[in-house]
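Coordinates in review
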Amino acid sequence: NVISMRIRRIDTPTGVAVKALAPAKVNLYLETLGKRPDGYHELRTVILAIELCDELDLAGNETGEIRLTCDRPELSAGPDNLVFRAARLLKEKTGCPLGADIRLAKRIPWSAGLGGGSSDAAAALAGLNEIWQLGLSAGKLAGFAAELGSDVPFFLHAPAALCAGRGEEVRPVKVGRTFDFLLVMPPVGLNTGDVYRELAGQGSAEPDRRLDEVLAALAEGDVERLGRNLHNRLQEAAMRLCPLVAELHQRLNGIGTAGCLMSGSGSCLFALCRNRTEAAQAEDGFRRGLPPGSEMAQARTF
């Protein structure tokens, strides 16, 4: 199912608090069009947010400090965390004297191509704009989001968009129906930089016809047409780096859904299903194909 970011304001005895749901994403089309002068790759990608979400609880404080906690101890909650960086950037840009206490509950796998960190950062920007009563426009927030990372602006425009540049140019697009997915998550992640280096100049001079096909199918709610035109230029590079991704893709491709693809720079794969029933059947079929006690992948429907 598709979803947009959800920001819920909560009035408390000590002030305003916010609960935010930060969705994951899948890339339905991703093409690299060569390197830019800034070192990034020029992209054209169609991104769709899905209902797998991280949760953020944000509240202001009078100390001026940014305090972040996370329920996954293996993840840093310090200045290198994108949520912390988003809060610090917003505070510096606006001169806001207030601080924030932020609790992050991680549900989206990281190093998976699902955009969890970027979505969390976008949710932090939107939530802090509310609790600090900054009154910033969506355009202003998007400008700050672009400074944090290529995918961050998308999540301020979810559920679906065509993104260009290095990903920061966002044009929302129509979604004609609810789409159902099976996500398959290997037990290993992939580093985005490593995947782009492995790409080694592969790409296209311009987007191919599949981009128009994906946009039309998305708008019309045509699952079969969308499944036939799924495309990710990074997939083969990721498969060379991680043969397990190739093995799981082959297994997923044999189930008979409308289509399957790797999301972003991986390592997560998804199957596009014709309806919720097929998604549940695909999950059962995928699990039955795994060796007993196997930890080679986790599968969930959305």
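Here we summarise the structure given alongside this text.

How each quantity is defined
- Residues numbered from 1 in each chain as written.
- Predicted model: local features only at pLDDT ≥ 70, side-chain atom pairs only at ≥ 80, totals over all residues.
- Heavy atoms only, no water.
- Axes fitted to C-alpha atoms, helices over the stretch in contact; angles between N-to-C directions.
- Helix = DSSP H or I, 4+ residues; strand = E, 2+ residues; numbered from the N terminus.
- Left-handed = near helix turned anticlockwise from the far one by under 90°.
- Contact = heavy atoms within 4.5 Å.
- Buried < 20%, exposed > 50% of the residue type's maximum accessible area, 1.4 Å probe, protein only.
- Pairing = 2+ DSSP bridges.

A short note on the packing of helix α2 (residues 116-131) against helix α3 (residues 138-148)
The interhelical angle for the contact between α2 and α3, taken along N-to-C directions, is 145°, at an axis separation of 10 Å. With respect to the hand of their crossing, α2 and α3 are arranged in right-handed fashion. Contacts between α2 and α3 involve A121, L125, A126 and N129 on the former and, on the latter, L141, F144, A145 and L148.

As for unusual backbone geometry
Glycine aside, residues mostly have negative phi angles, and peptide bonds mostly take the trans form. Residues A158 and P159 are joined by a peptide bond in cis, for which omega reads 25°. Relative to the elements of secondary structure, P159 occurs in the loop between α3 and β6 (160-165). With an omega of 20°, the peptide bond running from G266 to S267 counts as cis. Secondary-structure assignment places S267 in the loop between β10 (259-262) and β11 (269-273). A positive phi angle, near 55°, is found at S111, a position not held by glycine.

Observations regarding the pairing of strand β3 (residues 41-61)
β3 sits mainly inside the fold: 16 of its 21 residues count as buried. As judged from the 16 bridges shared by strand β2 (residues 15-35) and β3, these two strands associate in the antiparallel manner. Paired with E31 across the two strands is R44, which belongs to β3. Counting the residues between successive antiparallel strands, the hairpin from β2 to β3 contains 5 residues, one of them, G39, with a positive phi of roughly 95°. By the bridge criterion, 6 bridges tie β3 to β6 in an arrangement that is antiparallel. The residue of β6 that forms the bridge with R44 is A164. Relative to strand β5 (residues 99-105), β3 runs antiparallel, the two sharing 7 bridges. When the sheet's bridge partners are listed, L56 is paired in β5 with L104.

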